[in-house]
Amino acid sequence: FVQAYDAHIIRQRLIWRYVRLAMPLIIQFFFGALLSGIFIFYIFSGTIFVSWPFFLLLVLLMVGNDVFREYYLKFPVQMSVYFFILFGLSSIVLPFVTHRIGIVPFVGAAVVSALLFMGYVALLNWIVPKTKTYIRMLIVMSSTIILILHGSYLIKMIPPSPLALRSAYVAHDVARSGGAYTITKDSEHFLEKLTPTQSIAIDPGERVYVYTAIFAPNKFSTQIIHHWRQYDDQTGVWVTRDRLTFSLTGARQQGFRGFSVKSTVPYGKWRVDVETPNGQVLGRVRFRVVEKREQPVLETVVEE
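First, a word on what this report is: a plain description of the structure on this page. (Residues numbered from 1 in each chain as written. Predicted model: local features only at pLDDT ≥ 70, side-chain atom pairs only at ≥ 80, totals over all residues. Heavy atoms only, no water.)

### A word on the pairing of strand E5 (residues 208-215)
Argument step 1. Counted residue by residue, E5 has eight buried out of eight residues, so it is predominantly covered.
Argument step 2. When strand E1 (residues 164-171) meets E5, the two strands line up antiparallel, connected through seven bridges. Within the sheet, the bridge partner assigned to Leu 165 lies in E5 and is Ile 214.
Argument step 3. Of the pairings in the sheet, the one linking E5 to strand E8 (residues 256-262) comprises seven bridges and is antiparallel in character. Opposite Tyr 211, over in E8, you have Phe 259 as the bridge partner. (Buried < 20%, exposed > 50% of the residue type's maximum accessible area, 1.4 Å probe, protein only. Helix = DSSP H or I, 4+ residues; strand = E, 2+ residues; numbered from the N terminus. Pairing = 2+ DSSP bridges.)

Dropping the structure here:
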């Protein structure tokens, strides 16, 4: 009986030893997978020209998860990353549930993540009583993350997930026939397609169209703003020329289509920011308007 009991104790110790060896790898894997998921959702919902600090933070967290693995295993660091992941996932899931974006769902994401985090800390404290020595530190840490992320949201640095810009064109004409849009634009060769700035050659007074297709979840509705800006060569700043609004309703896999048009577009550099009502930038269409010296080669794109 004694030998059987000793063998049982030895097996239990071996099992726990293997669990302790495996848990850091499991935690690293899940942290990496969840951070990658958050990054993918947000990278499709914003433009790097505006949201690059937030994207950089996500990249640093993902790289640190692999490079600084031992540092991530420290309890305060691990719990900080865990809370950030909870907040990030909540801020993505809540708009799907509420069918809206804005500060209210974002604050709701903070409340949900804080409640889940508090429940997890309470469970840890029940299993490992010494966890209570870290509670003050965890409160300060989670509060700091909430303040930083809300500050970033208010200055429009965090993209408007779960919206995603599917396609965007600057064109001579956009025509709708049934459920399809026919876009007539200047043809671009391979190298021009790799650059972020498109080009359009027009006659004086000719109208310019900007077309966008935006993905939104089912039952999701909001307003989309095309914010037209022209670059002033003398002052070196982008000057607002127009703000044109249309409604968006979700449930199309290819994206909800819409366009804006301007009849007075002076030659020079232009950009159209695709924005939500609270000013978050979903995407940016950059183009240069040039004088039509000869008939350009036109290309037709049909989006259904």
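### Here we look at the packing of helix H4 (residues 75-98) against helix H5 (residues 103-127)
Argument step 1. It is the contact of H4 with H5, at a shortest axis distance of 8 Å, that shows an interaxial angle of 140 degrees. Taken as axis vectors, H4 and H5 run oblique relative to one another. Considering only the axes of H4 and H5, their crossing is right-handed. (Axes fitted to C-alpha atoms, helices over the stretch in contact; angles between N-to-C directions. Parallel < 35°, antiparallel > 145°, perpendicular 65-115°, else oblique. Left-handed = near helix turned anticlockwise from the far one by under 90°.)

### A short note on the sheet that holds E8
Argument step 1. The three strands lie next to each other as E1-E5-E8, forming an open sheet whose pairing is antiparallel. Strands at the two margins of the open sheet, each flanked by one partner only, are E1 and E8. Direction aside, neighbouring strands of the sheet carry axes that sit 15 degrees apart on average.

### A look at the pattern of salt bridges
Argument step 1. The tally for this structure, following the rule as stated, stands at nine salt bridges.
Argument step 2. The shortest N-O distance in the salt bridge between Asp 273 and Arg 284 comes to 2.6 Å. Pair noted here: Asp 273 is in strand E9 (residues 268-275) and Arg 284 is in strand E10 (residues 281-291), with a separation of 11 residues, a long-range link. Considered together, Asp 273 and Arg 284 belong to a single accessibility category, that of buried residues.
Argument step 3. Through salt bridges with shared partners, a single network forms among Arg 229, Arg 271, Asp 273 and Arg 284. (Salt bridge = Lys/Arg side-chain N within 4 Å of Asp/Glu carboxyl O.)

### Things to note about the sheet that holds strand E2 (residues 173-177)
Argument step 1. Within the open sheet, the three strands sit side by side as E2-E3-E11. Their pairing is antiparallel. Each edge of the open sheet is held by one strand with a lone partner, namely E2 and strand E11 (298-303). Ignoring strand direction, the axes of neighbouring strands in this sheet form an average angle of 20 degrees.
Argument step 2. Here strand E3 (residues 180-186) pairs with E11 via six bridges, running antiparallel.

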